[in-house]
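Coordinates in review
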Amino acid sequence: MAMTTESLKLPVKTRPLFQVGDRVRIPFGVTTLDGIVEEDRGNIGRGGRRLYVVRVEFDPSENSDETLYYTRAESDITAL
C-alpha cells in the first residue's frame, strides 16, 4: 500500500469546548450521568476527535462512595 498525502494528514487542531473542572453530562446507556471534566486528552480520537476524561462520583446516600472515570468524545458531552 503506497503512502499518499491523504494518508499523511494530521488531525485539525480545534479549540476545546470544555476545560478541566467544568460540570458536564455524559450518556450512560438509556440515561445520563453528571460529572466533572478531569482531563482534556486533546485531538487523539478517531478522525481527530477531541477526547475528555470525565469523573463521575456516585451519591454516598445510596451506600456507594464509588468514583468512576469515563473517556468520552467532545460530541458526546453536554455542559451543565
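Residues numbered from 1 in each chain as written. Predicted model: local features only at pLDDT ≥ 70, side-chain atom pairs only at ≥ 80, totals over all residues. Heavy atoms only, no water.

Brief notes about the packing of aromatic side chains
For the record, the criterion: Each pair of aromatic rings taken from Phe, Tyr and Trp, with Trp reduced to its six-membered ring, is defined by centres within 6.5 Å and is described as stacked if the planes are under 30 degrees apart, edge-to-face if over 60, and tilted in the remaining cases. Numbering of helices and strands runs from the N terminus, with a helix taken as a DSSP run of H or I at least four residues long and a strand as a DSSP run of E at least two residues long. Burial here depends on accessible area, computed with a 1.4 Å probe over protein chains only, as a share of the maximum for the residue type. Under 20% is buried, over 50% is exposed, and the range in between is partly exposed.
All told, the structure shown has two aromatic pairs when counted by the stated rule. Judged by centre distance (5.6 Å) and plane angle (80°), the ring pair of Phe18 and Tyr52 falls under edge-to-face. Here the residue Phe18 occupies a position in the segment before strand 1 (23-28), and Tyr52 occupies one in strand 3 (residues 51-57), the gap between them amounting to 34 residues. Each member of the pair, Phe18 together with Tyr52, is buried.

Describing the sheet that holds strand 5 (residues 78-79)
To keep things clear, this is the line we draw: When DSSP finds at least two bridges between two strands, those strands are taken to pair.
Taken together, the five strands give an open sheet; going across it, the order is 4-3-2-1-5, and neighbouring strands pair in antiparallel fashion. Sheet topology places strand 4 (67-73) and strand 5 at the edges, where each strand pairs with a single neighbour. Pairing geometry for strand 3 and strand 4, over seven bridges, is antiparallel. Of the residues in strand 4, the one forming a bridge with Val54 is Tyr70.

Concerning the pairing of strand 1
Bridging between strand 1 and strand 2 (residues 31-42) involves six bridges; their strand directions are antiparallel. Paired with Arg23 across the bridge in strand 2 is Ile36. What sits between the antiparallel neighbours strand 1 and strand 2 is a turn of two residues, in which Gly29 has the positive phi angle 65°. With two bridges connecting them, strand 1 and strand 5 associate as antiparallel partners. Its bridge partner lying in strand 5, Arg25 is registered against Thr78.

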